[in-house]
Amino acid sequence: MITLTDNADIHLSSVLNENVGMYTAIRLSVNSGGCSGFTYDWQLTSEEEDSDHIIELDSGKLLIDSVSVLYLEGMTVDYKKDIFGQRLMIDNPNVKSMCGCGESFQLA
């Protein structure tokens, strides 16, 4: 199971609301690449696959492909906004280590 905090749901929904009429969902996937092996990829989309794992948002959907969902099981996504900026914070228990910049990760 993947958990979104209320703040993450509000943020992702607002991104979709800013693009209303163009996109109906946000796709999260895990791609190979980066200095540690894998990266998270967030894309706006309107294309839903039959095998997608779907999380309903207040406005729209979060889609995760059937392969990526295996790497994201147990993950929590939060949204933080403070004096240092705004960002989605990902707590993924499947991550073994992260690179120094925090952009890529290695899976356990």
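Please refer to the structure higher up on the page.
What you see is a predicted model; the values in this text were computed from it and never measured.

Looking at the secondary structure, you find P93 in the loop between β7 (85-91) and β8 (95-98). Look at P93 and you get exposed, because its relative accessible area is 52%. Considered as a pair, P93 and L12 are 81 residues apart in the sequence and their alpha carbons are 22 Å apart. Excluding residues that lie within four positions of it along the chain, P93 makes contacts with E73, G74 and M75.

Quick look at the packing of aromatic side chains now. The final tally for this structure, using the stated rule, is three aromatic pairs. Summarising the aromatic geometry, the rings of F38 and Y71 are spaced 5.7 Å apart at their centres and angled 35° between planes, so their arrangement reads as tilted. Of this pair, F38 sits in strand β3 (residues 38-45) while Y71 sits in helix α2 (residues 68-72), placing them 33 residues apart in sequence. Judged by relative accessible area, which is 31%, Y71 ranks as partly exposed. Considering the side-chain rings of Y40 and F105, the 4.4 Å spacing of their centres and the 25° angle between planes classify their relative orientation as stacked. A residue pair is termed long-range when its members are at least 10 positions apart, and Y40 in strand β3 and F105 in strand β9 (residues 105-107) qualify at 65 residues.

A few words now on the sheet that holds β7. In spatial order, the strands read β1-β6-β7; together these three strands make up an open sheet with mixed pairing. Only two strands of the sheet have a single partner each, and these edge strands are β1 (3-4) and β7. Across seven bridges, the pairing between strand β6 (residues 76-82) and β7 is antiparallel. In the sheet register, V77 faces β7, and the bridge partner there is I90. Sheet contacts for helix α1 (residues 6-18): β1, β6 and β7; angle to β6, the most-contacted strand, approximately 75°.

For the rest of this paragraph, the subject is the pattern of salt bridges. A pair can form between side chains of opposite charge whenever their charged atoms are brought close. Within the structure shown, the criterion is met by four salt bridges. With its nearest N and O atoms 3.1 Å apart, the salt bridge here joins K61 to E48. Here K61 is found in strand β5 (residues 61-64), whereas its partner E48 is found in the loop between β3 and β4 (53-56), with 13 residues between them in sequence. A relative accessible area of 40% places E48 in the partly exposed class.

Within the secondary structure, N92 sits in the loop between β7 and β8. By relative accessible area, N92 is classed as buried at 8%. Polar contacts involving the side chain of N92 include one to the side chain of Y40, which spans 3.1 Å. Here the side chain of N92 touches N94 through a polar contact of 2.9 Å, landing on its backbone nitrogen.

The rules behind these values
- Residues numbered from 1 in each chain as written.
- Predicted model: local features only at pLDDT ≥ 70, side-chain atom pairs only at ≥ 80, totals over all residues.
- Heavy atoms only, no water.
- Helix = DSSP H or I, 4+ residues; strand = E, 2+ residues; numbered from the N terminus.
- Buried < 20%, exposed > 50% of the residue type's maximum accessible area, 1.4 Å probe, protein only.
- Contact = heavy atoms within 4.5 Å.
- Phe/Tyr/Trp six-rings, centres within 6.5 Å; stacked < 30°, edge-to-face > 60°.
- Pairing = 2+ DSSP bridges.
- Axes fitted to C-alpha atoms, helices over the stretch in contact; angles between N-to-C directions.
- Salt bridge = Lys/Arg side-chain N within 4 Å of Asp/Glu carboxyl O.
- Polar contact = N/O pair within 3.5 Å; in protein donor to acceptor, adjacent residues only side chain to side chain.

Honestly, that's just the spatial picture; any functional story needs more than this.
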